[in-house]
Each structure stands twice: as C-alpha cells, then as structure tokens.
There are 2 protein chains.
Amino acid sequence: MTLLLATPTMNPAAWLRAFERLTPELDVRAWPDCGDPTDIRFIVAWETPPGFFSEFPRLACIASLGAGVDHLLGDPDLPRGVFVTRVIDPSITQQMSEYVILHVLRFSRHSQSFDQDTVEEIWRPRIPLQASDLTVGIMGLGQLGLDAAHKLMQLGFPVIGWRRTHKDVAGITTYVGAEALPDFLAECRVLICMLPLTPATQGLLDAETFRLLPRDAYVINVARGAHLVESDLMAALDRGHLAGACLDVFETEPLPAGHPLWHHPKVTITPHIASLTNPTDVVPQMAENYQRVMAGERPHHLVDIERGY
Amino acid sequence: MTLLLATPTMNPAAWLRAFERLTPELDVRAWPDCGDPTDIRFIVAWETPPGFFSEFPRLACIASLGAGVDHLLGDPDLPRGVFVTRVIDPSITQQMSEYVILHVLRFSRHSQSFDQDTVEEIWRPRIPLQASDLTVGIMGLGQLGLDAAHKLMQLGFPVIGWRRTHKDVAGITTYVGAEALPDFLAECRVLICMLPLTPATQGLLDAETFRLLPRDAYVINVARGAHLVESDLMAALDRGHLAGACLDVFETEPLPAGHPLWHHPKVTITPHIASLTNPTDVVPQMAENYQRVMAGERPHHLVDIERGY
C-alpha cells in the first residue's frame, strides 16, 4: 500500500521530506519513480497530464496538493469511483486573506503612486481613499472568501459577496446567481475573484463584467488565470474605466517574458504566491486521509465532482 | 469671541470651509488675518513659530490640529494657564492602523521584491514570512498603538508593546520603561514607533536600539522624524543588520531633494500621510471644545503639559 507524489511541474523534494519526517511508516514514492503501478492506492497530485491516472488500476483516492482541483477535473480520463480531495488548511486561508488585505490597502493608500514619487524624489501627499467608502465585492464565499470578507470588515471596509448558488452567509450582503451579478458589480469599488475554476466561472472576468463595475474600480484575481480574459482587462484599463488590477494568476504561467501585462503601469503582478501550500502543514491531513481511505472510510475535504469544487 | 486658525505651513482653506459649513454662527478667522488680537480666545494651531501665542492676551485654549502636540510644547513661550488640546478621532486611528498593517504585510509578503521582479520580467515565487513567526513590537500603546496592536493580532501577528510608564494593557505583553527596552527589542521582528515626541523619546530610534533588534528586523516610523536618528538607521541597513525600513516622517519635511533616504533600496518613503486629519471629521469636536471653554468648562482631549502628550 503506497502513496505516490505526482507533481510533474514541481520538485517534490520538500513534500517527500515532510512525509518522511511526519509519517516515516508510510511507503511514499515520487513520480516518475512509481515502481509497480498496482501498488499505488493514493496519489497526491498537482498538474498531472490528461490520462495520467489510468495507469494505476487500484487507485482509491486522488488528493490535490492545493485548494483548487481544476487541474484534476479538467482531465477527461479522470477515473470514476475514485475519491478526489482538496486541501483545506488554516495557513492557506491565512495567506490568502493577507494577500487580499495587502493589495486592497495598497490601492486605497496610493502605495504605488508613493513608490513612483520616491523614484522621482517628489514629496506629494495624497489623501487616502476611506475604507468606509470602499465597498469590496468578493466573488466566491467559500472557506477562503469568507475569511477575507470577515478580516476586511474588521478593518472597516464594507464587504459584499457573490456566489453562484444560494447559501446563507451571516453578516455579509450576498448576491446569488447570474441574474444578480449586475447589481453586485455595480456596488463594487474593489472586485476580488476567489471563485473555484469550473466551466461556469471560466472567463467570468470579461469585458461585460468590467463594464458593469463602477468607474475607477480595482480588480484583484487570486483564483485562476482562466477566470480572467486578460485582453478585456487591459482594454478596460486602457480606456480609463478601471483604476488598476492586481493579478496573482495568469492564462499562461509563468507569465511569458514580453507579455504586455508585465509592464502595464496600472497592473501589479505576483508569481502565483497569494497562497502557497506548506508541506509540513498539510501532510498530516493527507496522511489521515490515506489511513481513512485504506480503512474503507470517506476522506475529509472531499470534492463534489459534479459541482467542481 | 473668536476662533483663529493658525497654520503657517499649511493652507487653511479646507478648515475654514468646514467651520463655515458646520458652525456658521462662529466667528472664525485665519492667520495672518487675525484682526484685533484681543478678540481671539481659541486658536486651532499647527506648526506656529515660537512666541506666536504671546500676541493674544485673552487666549483660553490652543487646539492642536492633529494628534501630536510636540509642535506646541516645543515653544518655550507657550502661555501658562491656557488649555492645550489634541485631536482624538476614529478616522485618525483607522488610517494609522491601515498604514501600519499595509507596511507590515508589504514586508512579510515581499511586496517590494515582486515589484522589482516585475520591472525585470522575472517570475520568481518567494515564500512569505509567516505572520505567526513575525512578532510585531509597538512602541507607544496609546489610542493609536492599541488599535494597531489589536488589528495586527486579529491578522495573526504576535504583538508586544513597550511604553515608558506602567499601565495595564489587556491581552498585550507589555514592557515598561528604559530597563525593559533591551528585552523588548530582542523580541521584535518588526518595530513600529508610535510614541508621542517628548524630550524622553527624542532620538530613541538610534544605533543602540537597532543593535538590540534581531538581525533582519524591519523598522516602521509613523510618529515623528525626531524619534529617529536617520544616519544611524542608514548605517544599520547598510551593514546588513536590518532588513528594511518604512518611514512616513523625517528630521526635515518635506524630505529634501538629494537626501540619501530617497534612493535607499531598503527604505520605503511616504510623505507624512500615515494619518491625515480630515477637517469635516474633527471640526465638530473643536467647536464643542470652543463652547466648553467659553462656558468655563474643561475641554475634551486635554494635554498633560508636563507629561508631554
């Protein structure tokens, strides 16, 4: 009974070390050194190619290395009858909220303008945008979205939310479904995309969405590059409708050299670091899920394949 | 009975407008158009020159335009027996906490490094410093320091405090007095100066203080330029002991063109904007204090001249 780390786009060394340190009794292998494929019952996966899992006839569970599972559900050959799990971890939530707060405050406090003034040795006070005037709209009120919402409210920002399906969310005015999207967008001075990537949310940040935002709105995308139509964003920035954007994720990652986003004066770029999974933090939940699945139980943090997250 | 706005370094137009709008019945004048000096009973002051107040024989109260009163108490000819007040306002507190959180997160999340990578089109993920590992030490636990402390704790940062005199502060490990300063500094990965400027705190951020901070500490000064010995800070940065600094206040303001701080790669500069007094927010408390003083009562937010704040 063996656990396989399958992370073709990423060096698995830190994960191997964490499993060895925290669960020395487990037989853990790292792709491409899979050994006999019939040994493999549990795969911890990140960005595996389509069809990857069909080689493992006795596979019982696929665990996404991160909070997102779009990299798995996009595989048309994903085996049926196999559990798919994702990571839910306080550290991931904490990091995401920090990132969102940092970039909302960078916007409201004119941080980039002051940095530019510093380069030019210009002393030019600018009055901050008042938090109480700056409604932040969060698309996606799951674990991550809710934590960010509550922390932004504690800092004095009015927060509203949008979700695809109805669920009561205490203390946050929530708009539900496609019909409510225009009303939601009209209220957002800052729009933050924290949605899971599914066929229903792909490309949602497009020209029409930007048109429905108020003038001088600011857009933050910490979800997936495929949520955003990058050319539509640049057009909305260039015609002066949006004040700026902060992007952690991109249609192509790493963002290619020479891509116009790199040097767009209104865009802040970070290299997909809003929230990084720390092996030491999440290996215990993966090891527990491995034991549960081997004992015939359902794992924690199970993904609803139909819903897509 | 007249109120005088005396702000020689600042255009008083916004203040005049706010008084006219909110208290149209009040006779408000703006320096240098003081009229008969014996009319003046109440002066709203900012950075008046030494001896300024001795021209007004019937003066009853001097109201600082901001939270700090060092610009008043430094005047050796400040009249005796005249009330001195300062501004305490939720908006000032809110802005200061926003600023502090923004710059703590900019440090912990490597924001400046990502900005630099963007200029060079380099995709280079960096693991954030974990909030739980980053003890933030706040010097000065008054109205402003306490609010920042609580909000940083809500975001997951361990917070400790230092104050000159003893006072119980719920939930925050507090070091008191000069003897405890070395122990306090040894714990601070981020040091934030939010002290009032008094003879006892002037120059407190000096070579000895920086030596007592752990290696790679980050320093934020949002109090007064005179708290910091700028040349000592630059020396501590240049020998690699400190990771960086964020300064909103300076020995000379505006920071002169050509000053080495403008282009120090480890220093973030902002033009004294961490917290700006909004006339509309604080004119009501000034008008109320004016009425109280005219009625023979003590004004709110009275300054203890001996203590210095």
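All of these numbers come straight from a predicted model, not from anything done at the bench.

K.L.:
Explanation requested: the domain arrangement of chain A in the structure shown.
P.N.:
When the parts of a complex come together, some accessible area is lost, and that lost area is often used as the size of the interface. Residue and element names in this part refer to chain A. Parsing chain A into structural domains produces domain 1 (2-89 + 277-294) and domain 2 (90-269). Here the C-alpha centroids of domain 1 and domain 2 sit 32 Å apart. Contacts between domain 1 and domain 2 engage nine residues on the former and seven residues on the latter. Interface area, domain 1 with domain 2, both sides summed: about 740 Å², of which 53% is carbon and sulfur. If you sort the residues of domain 1 by the area they bury against domain 2, Asp70, Ile88 and Asp89 come out on top, with a joint share of 64%. Seen at the junction of domain 1 and domain 2, the total is one salt bridge. Between Asp70 and Arg224 there is a salt bridge, and its shortest N-O distance comes to 2.9 Å. At the boundary of domain 1 and domain 2, one finds five residue pairs in polar contact (both at pLDDT 80 or more). When its residues are assigned to classes, the side of domain 1 that touches domain 2 shows four nonpolar, two polar and three charged.

K.L.:
Would you mind showing me how to read the relation of the copies chain A and chain B here?
P.N.:
Between the two copies of the chain lies a rotation about an axis combined with a shift along it. Turning chain A through 180 degrees and shifting it by 0.0 Å along the axis lays it on chain B, with an RMSD of 0.1 Å. Here the symmetry operator amounts to a two-fold rotation axis. Residue A:Leu102, judged by its C-alpha, is the member of chain A lying nearest the rotation axis, at 2.8 Å. Of the residues that chain A buries at the interface, 98% are likewise interface residues in chain B, meaning the two copies contact each other through the same surface.

K.L.:
So what exactly am I meant to see when it comes to the environment of A:Tyr309 here?
P.N.:
Residue and element names in this part refer to chain A. Summarising the element assignment, Tyr309 is placed in the segment after α9 (279-294). Between the C-alpha atom of Tyr309 and that of Gly68, which follows or precedes it by 241 residues, the distance is 7.3 Å. Setting aside its immediate chain neighbours within four residues, Tyr309 contacts Val69, Arg86, Thr165, Pro196, Thr198, Val303 and Asp304.

K.L.:
So what exactly am I meant to see when it comes to the sheet that holds strand β10 (residues 217-221) of chain A here?
P.N.:
Backbone hydrogen bonds hold the strands of a sheet together, and the pairing may be parallel or antiparallel. All names here are of chain A. With respect to topology, seven strands assemble into an open sheet ordered β8-β7-β6-β9-β10-β11-β12, the strand pairing being parallel. Of all the strands in the sheet, the pair left with one neighbour each is β8 (173-176) and β12 (267-269). Each neighbouring strand pair of the sheet contributes to a mean axis angle of 15 degrees, computed without reference to strand direction. Inspection of the sheet shows strand β9 (residues 190-193) paired to β10 by four bridges, in the parallel sense. Residue pairing for β10: Leu191 is matched across the bridge by Val219.

K.L.:
Can you help me understand the interface of chain A and chain B in this one?
P.N.:
Listed per partner, the contact involves 48 residues of chain A and 47 residues of chain B. Here chain A and chain B share four salt bridges between them. Note that B:Asp115 and A:Arg106 form a salt bridge whose closest N and O atoms lie 3.3 Å from each other. Applying the counting rule to chain A against chain B returns 20 residue pairs in polar contact (both at pLDDT 80 or more). Counting residues per element, the ones that place at least two in the side of chain A that touches chain B are α3 (90-108), α4 (111-119), α5 (143-154) and β12 of chain A. The dominant element in the side of chain A that touches chain B, judged by the number of residues it contributes, is α3(A), at nine residues.

K.L.:
Explanation requested: the sheet that holds strand β7 (residues 159-163) of chain B in the structure shown.
P.N.:
All names here are of chain B. Spatially, β8-β7-β6-β9-β10-β11-β12 is the arrangement adopted by the seven strands of the open sheet, whose pairing is parallel. The open sheet has two free edges, formed respectively by β8 (173-176) and β12 (267-269), since each of these has just one partner strand. The sheet shows a mean angle of 15 degrees between the axes of neighbouring strands, direction not considered. In the sheet, strand β6 (residues 136-139) pairs with strand β9 (residues 190-193) via four bridges, with the strands oriented parallel. In the sheet register, Met139 faces β9, and the bridge partner there is Cys193. Across the sheet, helix α8 (residues 230-238) is in contact with β11 (242-247) and β12; its angle to β11 comes to roughly 145 degrees.

K.L.:
Looking at this structure, I do not really get the pairing of β11(B). What am I missing?
P.N.:
A regular strand places its side chains so that they alternate between the two faces of the sheet. Residues and elements named next belong to chain B. Across the six residues that make up β11, a large majority, five, are buried. Looking at chain direction, strand β10 (residues 217-221) and β11 are connected through five bridges and run parallel. Bridging across to β11, Asn221 finds its partner in Leu247. Each parallel crossover has a hand, and for β10 linked through α8 to β11 it is right-handed.

K.L.:
Honestly, the pattern of salt bridges in this entry has me stumped. Any pointers?
P.N.:
Where side chains of opposite charge bring their charged atoms close, a pairing between them can arise. Summed over all chains, the structure comprises 20 salt bridges over all chains. Notably, a salt bridge pairs B:Glu208 with B:Arg211, separated by 3.1 Å at the nearest N-O pair. Within this pair, B:Glu208 and its partner B:Arg211 are both found in helix α7 (residues 207-212), separated by three residues, close to a single helical turn. Judged by its relative accessible area of 48%, B:Arg211 falls in the partly exposed class. Connected through shared salt-bridge partners, A:Asp27, A:Arg29 and A:Asp39 make up one network.

K.L.:
Help me understand helix α4 (residues 111-119) of chain B in this model?
P.N.:
For an α-helix the count is 3.6 residues per turn, leaving residues at separations of three or four pointing the same way. Listed in full, the buried residues belonging to α4(B) are B:Ser111, B:Phe114, B:Asp117 and B:Thr118. When α4(B) is viewed along its axis, its buried side chains cluster within an angular range of 120 degrees and face the same direction. Buried residues belonging to α4(B) abut α3 and β12 of chain A together with α3 (90-108) of chain B. Immediately downstream of α4(B), the backbone of B:Glu121 shows phi near 55 degrees, a positive value.

K.L.:
How should the nonpolar core be read in this particular structure?
P.N.:
Across soluble globular proteins, nonpolar side chains have a tendency to be buried as a group. Judged by nonpolar contacts, the single largest core of 108 residues is most densely connected at A:Ile192 and B:Ile192. Excluding anything up to four places from it in sequence, A:Ile192 contacts A:Val100, A:Val104, A:Val136, A:Gly137, A:Ile138, A:Met139, A:Leu152, A:Ile220 and A:Val222. One finds B:Ile160, B:Leu195, B:Ala223 and B:Ala245 within the second-largest nonpolar core, a separate group that totals 34 residues.

K.L.:
How should I be thinking about unusual backbone geometry in this particular structure?
P.N.:
It is generally the case that most residues other than glycine have a negative phi and that most peptide bonds are trans. Backbone torsion omega between A:Glu253 and A:Pro254 reads -10 degrees, so that peptide bond is classified as cis. Cis rather than trans, the peptide bond between B:Trp31 and B:Pro32 has omega equal to 5 degrees. In this structure, B:Pro32 sits in the loop between β2 (27-30) and β3 (40-45). If you check the backbone angles, A:His110 has positive phi at about 55 degrees while not being a glycine. Take A:His110: it is sitting in the loop between α3 and α4. Residue A:His110 is classed as buried on the basis of its relative accessible area, which comes to 18%. Within the chain, B:Asp216 stands out as a residue other than glycine whose phi angle is a positive 70 degrees. Checked against the element boundaries, B:Asp216 lands in the loop between α7 and β10. Exposure remark for B:Asp216: the relative accessible area of 34% places this residue in the partly exposed category.

What counts, and at which threshold
- Residues numbered from 1 in each chain as written.
- Chains lettered and ligands numbered in written order.
- Predicted model: local features only at pLDDT ≥ 70, side-chain atom pairs only at ≥ 80, totals over all residues.
- Heavy atoms only, no water.
- Domains from an automatic or database assignment.
- Contact = heavy atoms within 4.5 Å.
- Buried area = accessible area lost by both parts, 1.4 Å probe.
- Salt bridge = Lys/Arg side-chain N within 4 Å of Asp/Glu carboxyl O.
- Polar contact = N/O pair within 3.5 Å; in protein donor to acceptor, adjacent residues only side chain to side chain.
- Nonpolar A, V, L, I, M, F, W, Y, C, P; charged D, E, K, R; others polar.
- Least-squares fit on C-alpha atoms with pLDDT ≥ 70 in both.
- Helix = DSSP H or I, 4+ residues; strand = E, 2+ residues; numbered from the N terminus.
- Pairing = 2+ DSSP bridges.
- Axes fitted to C-alpha atoms, helices over the stretch in contact; angles between N-to-C directions.
- Buried < 20%, exposed > 50% of the residue type's maximum accessible area, 1.4 Å probe, protein only.
- Right-handed = clockwise from strand over helix to strand, strands pointing away.
- Arc of directions from axis to C-beta.
- Core = buried A, V, L, I, M, F, W, Y, C linked by side-chain atoms within 4.5 Å.

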